[in-house]
Structure formats: structure tokens, C-alpha cells
Amino acid sequence: MEAERRPAPGSPSEGLFADGHLILWTLCSVLLPVFITFWCSLQRSRRLLHRRDIFRKSKHGWRDTDLFSQPTYCCVCAQHILQGAFCDCCGLRVDEGCLKKADRRFQCKEIMLKNDTKVLDAMPHHWIRGNVPLCSYCMVCKQQCGCQPKLCDYRCIWCQKTVHDECMKNSLKNEKCDFGEFKNLIIPPSYLTSINQMRKDKKTDYEVLASKLGKQWTPLIILANSRSGTNMGEGLLGEFRILLNPVQVFDVTKTPPIKALQLCTLLPYYSARVLVCGGDGTVGWVLDAVDDMKIKGQEKYIPQVAVLPLGTGNDLSNTLGWGTGYAGEIPVAQVLRNVMEADGIKLDRWKVQVTNKGYYNLRKPKEENEIELSISI
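Residues numbered from 1 in each chain as written. Predicted model: local features only at pLDDT ≥ 70, side-chain atom pairs only at ≥ 80, totals over all residues. Heavy atoms only, no water.

Each pair of packed helices can be described by the angle between their axes along with the distance between the axes. Contact geometry of helix H6 (residues 232–243) with helix H10 (residues 332–341) gives a least axis separation of 10 Å together with a crossing angle of 70 degrees. When the interaxial angle is binned, H6 and H10 end up roughly perpendicular. The handedness of the crossing between H6 and H10 comes out as right-handed. Along its contact with H6, which presents Leu236, Glu239, Phe240 and Leu243, the element H10 presents Val332, Ala333 and Leu336. (Axes fitted to C-alpha atoms, helices over the stretch in contact; angles between N-to-C directions. Helix = DSSP H or I, 4+ residues; strand = E, 2+ residues; numbered from the N terminus. Parallel < 35°, antiparallel > 145°, perpendicular 65-115°, else oblique. Left-handed = near helix turned anticlockwise from the far one by under 90°. Contact = heavy atoms within 4.5 Å.)

Right under this line is the structure:
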């Protein structure tokens, strides 16, 4: 048998073969990570579009989060989650994969009830299971809730009361909700339903309807600037929606104050209050809208204005005793308590026009400036 012919060591053919292997491995080492990165980016974009589609069609106020601030469990699969979505109106927290199921299974806060006279005077609790505040206590046995490392216990999304799993009874599920600590600040869904029916009947006697809620009822309207305080206003909007009726909470970057304050015309005379969350510019914007209400002849609906300062500066807020800036040092619930306990004072607003007349008393209209002062000098 003839011996097989093999290329001698160091021949050109062997060098080309080695160079081909080197080029192949180099291409794989470069292109494979690029391909994997591209594929992951494509999948991430698909998931993002899917979530946005669910958010757009949902009645919940879903928000994405990369990391929950406390131990959190999915309301659908009951598994521990680090990231996912939460509703900034009712407080539901779910994993990304359970988002669609949660949207179908759980109902969010209703700003208005259905037109059924049987339920207008008796609104039951709206219970949601799991992820209760760590400092909450059971309304039945008065023991601490949310202590176990799992999805457990219930919370009413209106009155914020909590109850243990073992203390939950059928009587509690049908019990009337009193809206809890902030009932004097909340606009009940039943009130808005009745107002809607009265407007259809061309009736405007809201005083009779409000008398059922008591003399201490002073509904609060939140006007927050989501861009103030390094976007702290956006987080405050969600916390206020959880504690109040979402219809009372407005982002002034999306709804101008003049439109938001028209909610005051559906309330009894001199009963509404407004909490402005933002800097001096936002406060001045809201006060301008209040002045426009006077021009429209809506003096009886003009609300009292409180300030939650965001950002830096905030001279007006500091003068009125609300501080120089809010950085989350006190919980939002305490802010609402401060508003309920605050005393009203009268505030003068001045508008000063400065004109440079130049030489020989010749006026220069192009150099006119207007300065607004929100406190008496």
C-alpha cells in the first residue's frame, strides 16, 4: 500500500488551515455576544411593548419598578418578587408574567359607583390581599399584620384598615366602609354618582347632598407638579391616589390648574381645600387660576390653599410655615393630618409693574416687567 501523502510541517497549506481556524474562532467570539445582545434587546422591547399595551387598556394605574422598597409578593401567584408592576391607585403588586391575569381578576378603585340607589348610602370595604404596611394592626384582634414572609392578610383600599386572614369573616366583607382617618378629605364615589344624577335632572343643590357627610367634610384636591423636586412629585401623586379618591389628584403638567379647580364647583360653598405640591412657580400658577375663578364669578367655590414645597427656594412656603422643602422626611399620611389641622389665613397678592421711562420722561414700553408678590409688604 502506498503511504498517504501528508503536507510537510511548516508547509503553506497547513498555515492556511490554522489561519482559517483562527479567523473562524475570532468571528464567533465577536459576533456571538453581539447576536445575544441583539436578541435580548429585541425580547426586552417586545416585553415593553406588551406591558405598555396592557397599561394603556387597563383601568389600573400600573407603574413599572425595578426594585420594590420592601419584601413584596405577587397578588396572583403569591411568589416573592423583586421587580414587576404596581398600581398607584389601589396598591396591587404583581410579577411581570402575572400582569394580564391581575388586570382581569382584580378591580381598581372606582371613582364613581354605578347608578344604583341601593349602594349609594352603603359602600362596602374593598379588600386586597397581601403586601400590607409593616406598621399596620388588625382591626379585629388589634395585633400586628403583615409579619409573615408570605402573601397574607387583607387591606381595604379606601379606609386603609387591615385584618388577618384568620380574622376575616363574611361580616367584614359586607361591612360598610367609613373611609377611615381621612374620611373628611375624601370625595366618596357615591357623592360623585349622586352629583352626576343631579346634573342630569338639572339640580344644583349640592348642600343637601353634602349634609349627609357631616359639617367637618372639607374635601381636598391635590395639585402636584411631577417635575418638581427631582421628579419627587411623581411619587407623591401615587401615594395621594392610594390614600384619597384618584379623581382628587391632578398632575398640573397634564391637567392645568384652571381645569382641575373646576372640581370645586361640584362641592359645597367654601368647603374645598387645595394642596399644591411644587415650587413657588407652581404655587403662583395655582393662585393665578384661583384669580381666574373670581373673574368667572365663582367666588363661592374658591378653595383654601396649602403648600407642600418641593425643590429649593420656596420662599412663599417658608413664610407661611410649610417649610423650605419636602424631601420625604415625614410620611404622606402625616402631611394630610397637617392639612386637616392647619388654620386658614388671608393672603394679599400684589402685582407691581416696573417701567423704565428713560430720558426726558420718554416711556419705553418694551422694557416693562411685572412682579407678583404673594404676601403683603
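Attention shifts here to the sheet that holds strand E11 (residues 273–278). One open sheet holds the four strands; their spatial order is E10-E9-E11-E12, and the pairing between them is parallel. The two strands at the open ends of the sheet, each matched to only one other strand, are strand E10 (249–251) and strand E12 (304–309). On average, each strand axis in the sheet is inclined to that of its neighbour by 20 degrees, with strand direction left out of account. Inspection of the sheet shows strand E9 (residues 220–224) paired to E10 by three bridges, in the parallel sense. By the bridge assignment for E10, Ile222 is matched with Val249. Taken strand by strand, H6 contacts E9, E10, E11 and E12, and its axis lies near 160 degrees from that of E10. (Pairing = 2+ DSSP bridges.)

Attention now moves to the confidence of the model for the protein chain. Here the protein chain shows a mean pLDDT of 83. Residues at 70 or above account for 87%. A low-confidence stretch, residues 367–371 (pLDDT under 50), is modelled with 16 contacts involving residues beyond four sequence positions or located in other chains. (pLDDT = per-residue confidence, 0-100.)

Taken as a whole, this structure holds seven salt bridges when the rule is applied. When the shortest N-O distance is used, the salt bridge between Arg56 and Asp53 registers 2.7 Å. Taken together, the residues span about one helical turn, with Arg56 and Asp53 both in helix H1 (residues 12–57) at a distance of three residues. Overall, the relative accessible area of 28% leaves Asp53 in the partly exposed class. Linking Asp53 and Lys57 is a salt bridge whose minimum nitrogen-to-oxygen distance equals 3.6 Å. In this pair, Asp53 and Lys57 are both assigned in helix H1, four residues apart and thus about one turn of the helix distant. Judged by its relative accessible area of 61%, Lys57 falls in the exposed class. (Salt bridge = Lys/Arg side-chain N within 4 Å of Asp/Glu carboxyl O. Buried < 20%, exposed > 50% of the residue type's maximum accessible area, 1.4 Å probe, protein only.)

Attention now moves to the side chain of Arg93. In this structure, Arg93 sits in strand E5 (residues 93–94). Of the buried charged residues, Arg93 lacks a salt bridge, with Glu239 as the closest side chain of opposite charge at 9.2 Å. Here Thr72 takes part through its side chain, which lies 3.4 Å from a polar atom of the side chain of Arg93. With sequence-adjacent residues up to four places away left out, Arg93 is seen in contact with Phe68, Gln70, Thr72, Tyr73, Cys74, Cys75, Ala85, Phe86 and Asn131. (Lys, Arg positive; Asp, Glu negative; His and termini not counted. Polar contact = N/O pair within 3.5 Å; in protein donor to acceptor, adjacent residues only side chain to side chain.)

Buried together is how nonpolar side chains tend to be arranged in soluble globular proteins. In terms of nonpolar packing, the biggest core is built from 57 residues, with Trp62, Val94, Ile222, Phe240 and Leu275 touching the most fellow members. No other element matches the five residues that H10 contributes to this core. Look past the residues within four positions of Leu275 in its chain and what remains in contact with it is Leu220, Ile221, Ile222, Leu223, Phe240, Ala306, Val307, Leu308, Val335 and Val339. Counting residues in each nonpolar core, the second largest holds 32 residues, with Tyr206, Leu266, Val276 and Ile302 among its members. (Core = buried A, V, L, I, M, F, W, Y, C linked by side-chain atoms within 4.5 Å.)

Positive charge collects at one region of the surface, where Lys100, Lys101, Arg104 and Arg105 lie side by side. Owing to a relative accessible area of 47%, Lys100 belongs among the partly exposed residues under this scheme. (Patch = residues over 30% accessible without salt bridge, like charges linked within 9 Å, V, L, I, M, F, W, Y side chains within 5 Å. Areas by Shrake-Rupley, 256 points an atom, 1.4 Å probe, with all protein chains shown as cover. Charge placed at Lys NZ, Arg CZ, Asp CG, Glu CD.)

All right, on to a nonpolar patch on the surface then. On the surface, a nonpolar cluster with roughly 470 Å² of combined accessible area is contributed by Ile23, Leu27, Val30, Leu31 and Val34. Mapped onto the fold, Val30 is located in helix H1.

A few words on helix H4 (residues 189–200). If you check H4, its first and last C-alpha atoms are 17 Å apart, about what twelve residues at 1.5 Å a residue would give, namely 16 Å. All of the buried residues in H4 are Pro189, Ser190, Tyr191, Leu192, Thr193, Ser194, Ile195 and Met198. Positive phi shows up at Lys202, right after H4, with a value of about 60 degrees. (Expected span 1.5 Å × (residues − 1).)

What follows deals with the pairing of strand E4 (residues 84–87). Across four bridges, the pairing between strand E1 (residues 62–65) and E4 is antiparallel. The residue of E4 that forms the bridge with Thr65 is Gly84. Hairpin geometry of E4 and E5 is characterised by an intervening segment of five residues between the two adjacent antiparallel strands and by a positive phi of about 90 degrees at Gly91.

We now examine the sheet that holds E5. The antiparallel open sheet is built from three strands, whose spatial order is E1-E4-E5. In this open sheet, the two strands that pair with only one neighbour each are E1 and E5. Direction of pairing for E4 relative to E5: antiparallel, over a ladder of two bridges. The residue of E5 that forms the bridge with Phe86 is Arg93.

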